[in-house]
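Per-entry structural report
Chain by chain, the residues run as shown.
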Number of protein chains: 2
Amino acid sequence: MKNKSLFKLQCPAPKFDFDIITLAHGSGGLLTNKLLESGVFDLLKNEKLDKHHDGAMLEFNGPVAFSTDSFVVSPIVFPGGDIGELAVNGTVNDVAMCGAIPQYLSLGFILEEGLPISQFWDILVSIKYAAEKAGVQIVTGDTKVVDKGKGDKIFINTTGIGPVHLKANIDIANIKAGDKIIASNSIATHGIAILSVREGLEFETSIESDTCNLNHLTAELLDKFGEKIHLFRDPTRGGVAATLNEISKERNMGILLNNGAIPVENQVKAACEILGLDPLYAANEGVFMAFVSADVADKTVEMLHRHPESANAAIIGTVVDGHHGKVLITNQMGGTRVVHMPVGEQLPRIC
Amino acid sequence: MKNKSLFKLQCPAPKFDFDIITLAHGSGGLLTNKLLESGVFDLLKNEKLDKHHDGAMLEFNGPVAFSTDSFVVSPIVFPGGDIGELAVNGTVNDVAMCGAIPQYLSLGFILEEGLPISQFWDILVSIKYAAEKAGVQIVTGDTKVVDKGKGDKIFINTTGIGPVHLKANIDIANIKAGDKIIASNSIATHGIAILSVREGLEFETSIESDTCNLNHLTAELLDKFGEKIHLFRDPTRGGVAATLNEISKERNMGILLNNGAIPVENQVKAACEILGLDPLYAANEGVFMAFVSADVADKTVEMLHRHPESANAAIIGTVVDGHHGKVLITNQMGGTRVVHMPVGEQLPRIC
């Protein structure tokens, strides 16, 4: 796979007849067709992409995972990515978290009148880049336009589908006391990257969003460890705290986290300290939590360390018999505190 | 199936802890859970609805159709329906137009901060009503909230999937000269219903949107006529004019419409005359066009006449050898005029 900048250079914008998106581009008429035919279809082309039909024809034989997400992140371009990449990776990862192999995505745009075509093109190129990296095809789509002031530049829905991995048996019911909890990489990076560019909150940093596809990693783990992998879950909105609280509550089991083991990049840690934020509550877009049998935990981490997007993988905690429905974390003094479910919004429109 | 008002009465809103949607309801934290657990999951429940996972697990064996649509209609409640029904019916119909049996839908909300919970509940009930009527299950979803002034009450994405009908061979390549074109019901009703309530354009009318699910009709036609049905297409945005132009251009064939045969309700016709609109360009949400072998055309119409939602079905035109890529319509004098592809927007945010 080429790097992102090179990839983008190789997808120059075609010559459009218009500079901005207008309501007519969402009309279903000639201007909708012009928009799609003038580059969108060519850019995203594959043999299944439904050009002139109401849907795409796919074929499956067996169980599949099906997942949807809408993306409303603000700003639409942020350090390390943009809403296009996020929309592909987010849904790819949700399908992967089910123990499945994401294959196909639908793509629904809600554009705000006045969006510069050049900006729309950049996002389309990001979508293509992310889809190629993840190995998924965009097979059907929809474009709506809302009047200026009734949207915010661009919202994207992606819905993904793909067959369940043959060796997967991912189920929250499979978690048992003693299972090790692995974070696939350093946490809180996406949340802090977005925060760093929000109006009024800017500070000097080179923190980049971790947005990336996780499906190749989860497939490799399933190939190797099969049913020993009990659960995957990606801690996006609400962060690690929300994800682990949901799991511990649903199973009424305790989760004990080792504070010192949780990977957080130094500059993310520093930013959290300045802002008074807890990295456990910040959003991630390129990290998953794996609940695995204790006997494969070290090997899982070892395998993850071989890939740049999971270079900082670590065992961060254990499922325990007591503390029913609670997430606890050890502190530096050897005591523990409860990690509560986040109530409201640490940071709105993070994805 | 109960009627809509009765159905709605039987789904009273639960007691919510809050009156309006706030940004925190899209946070992924406790308030997101409260919103979902306080009624949404219960209302839409089915054995596949993914409550606590990143996606739903489905199973298919063979070809499936997959289609997505975002809905941004304004106003969100209109004569004859609301955005919730439209979002279910729209995607159900797109899957049906592929010759498939819609089975499952995903549901993605983009809510604007400040949306009254009571309004959200009403739309959820409409979604349930429409899903039950169509016989589809909502199996996975997502809720995002954007700040006030960055959205418009509620946008909905639905993505649908279902197996292709065993007797279906729907393909634009199957159309041939001599095929009859059938409109399943009176056209232009949805467009004019929306127009009738748009600000500044209100006029006295009892015209109601035709939004309804078409999948039972198309399945019955396929059961009976199989490969004699060459193409289904629903003329939504851009109306009959856009749909037929796309088809005639793609196949480089002529389409000849019989003006006198096109079913339009009298009050819709009157409204179009007052407003200077051509019904051929107005949106439909409960009408499909079927291209069928001439030998089954009359029987198709006969069958459609047995159902209230297609009581006005009619043969409206024929595919012809000449007039490559053009749609023509006969006028009352016996001459013909060209029906052009709509250029821009007759009416924005119609669906």
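Residues numbered from 1 in each chain as written. Chains lettered and ligands numbered in written order. Predicted model: local features only at pLDDT ≥ 70, side-chain atom pairs only at ≥ 80, totals over all residues. Heavy atoms only, no water.

**Observations concerning the side chain of A:Asp94**
The residue A:Asp94 is located in helix H3 (residues 83-97) in this model. No salt bridge is formed by the buried A:Asp94. Its closest oppositely charged neighbour is B:Lys144, at 7.4 Å. (Helix = DSSP H or I, 4+ residues; strand = E, 2+ residues; numbered from the N terminus. Buried < 20%, exposed > 50% of the residue type's maximum accessible area, 1.4 Å probe, protein only. Lys, Arg positive; Asp, Glu negative; His and termini not counted. Salt bridge = Lys/Arg side-chain N within 4 Å of Asp/Glu carboxyl O.)

**Notes on the relation of the copies chain A and chain B**
The transformation that overlays chain A on chain B combines an axial shift of 0.0 Å with a rotation of 180 degrees, and the residual RMSD is 0.0 Å. When the rotation and shift are considered jointly, the pair of chain copies conforms to a two-fold rotation axis. In this assembly, 99% of the residues forming the interface of chain A have copies in chain B that are likewise at the interface, indicating an isologous arrangement. (Least-squares fit on C-alpha atoms with pLDDT ≥ 70 in both. Contact = heavy atoms within 4.5 Å.)

**Observations concerning the nonpolar core**
Residues and elements named next belong to chain A. Counting residues in hydrophobic clusters, the biggest one holds 112 residues, and the most contacted among them are Phe120, Ile154, Leu244 and Leu280. Per-element tally for this core: the top contributor is helix H4 (residues 117-134), with 11 residues. The contact partners of Leu244, leaving out residues within four places of it in the chain, are Ile181, Ile255, Leu257, Met289, Phe291 and Val327. (Core = buried A, V, L, I, M, F, W, Y, C linked by side-chain atoms within 4.5 Å.)

**What about the domain arrangement of chain A?**
Residue and element names in this part refer to chain A. Splitting chain A by domain gives domain 1 (4-11 + 19-163) and domain 2 (172-338). Measuring from the centre of the C-alpha atoms in domain 1 to the corresponding centre in domain 2 gives 28 Å. Our count for the domain 1 to domain 2 interface comes out at 0 salt bridges. There are 8 residue pairs in polar contact (both at pLDDT 80 or more) connecting domain 1 and domain 2. It is H3 that contributes the most residues to the side of domain 1 that touches domain 2, 9 residues altogether. Taken together, the residues that form the side of domain 1 that touches domain 2 break down as 11 nonpolar, 7 polar and 3 charged. (Domains from an automatic or database assignment. Polar contact = N/O pair within 3.5 Å; in protein donor to acceptor, adjacent residues only side chain to side chain. Nonpolar A, V, L, I, M, F, W, Y, C, P; charged D, E, K, R; others polar.)

**As for the sheet that holds strand S12 (residues 327-330) of chain A**
All names here are of chain A. Pairing is mixed across the open sheet formed by 7 strands, whose spatial order is S8-S10-S7-S11-S9-S12-S13. Edge positions in the sheet fall to strand S8 (229-233) and strand S13 (336-338), since each has one partner strand and no second. Across the sheet, the mean angle separating the axes of adjacent strands is 25 degrees when strand polarity is ignored. Bridge count between S12 and S13: 3 bridges; the pairing is antiparallel. Residue pairing in the sheet places Leu328 in a bridge with Val338 of S13. Contacting strand S7 (180-183), strand S10 (289-292) and strand S11 (314-320), helix H9 (residues 294-305) crosses the sheet at an angle of about 10 degrees to S7. (Pairing = 2+ DSSP bridges. Axes fitted to C-alpha atoms, helices over the stretch in contact; angles between N-to-C directions.)

**Some remarks on the pattern of salt bridges**
Overall, the coordinates contain 24 salt bridges over all chains when judged by the stated rule. A salt bridge links A:Asp69 to B:Lys144, with the shortest nitrogen-to-oxygen separation between them at 3.2 Å. In this pair, A:Asp69 sits in strand S1 (residues 56-71) while B:Lys144 sits in strand S5 (residues 137-146), so the two residues belong to two different chains. The class of A:Asp69 is buried, set by a relative accessible area of 12%. Of the charged contacts, one joins A:Glu132 and A:Lys128 as a salt bridge, the two residues approaching to 3.3 Å between their closest N and O atoms.

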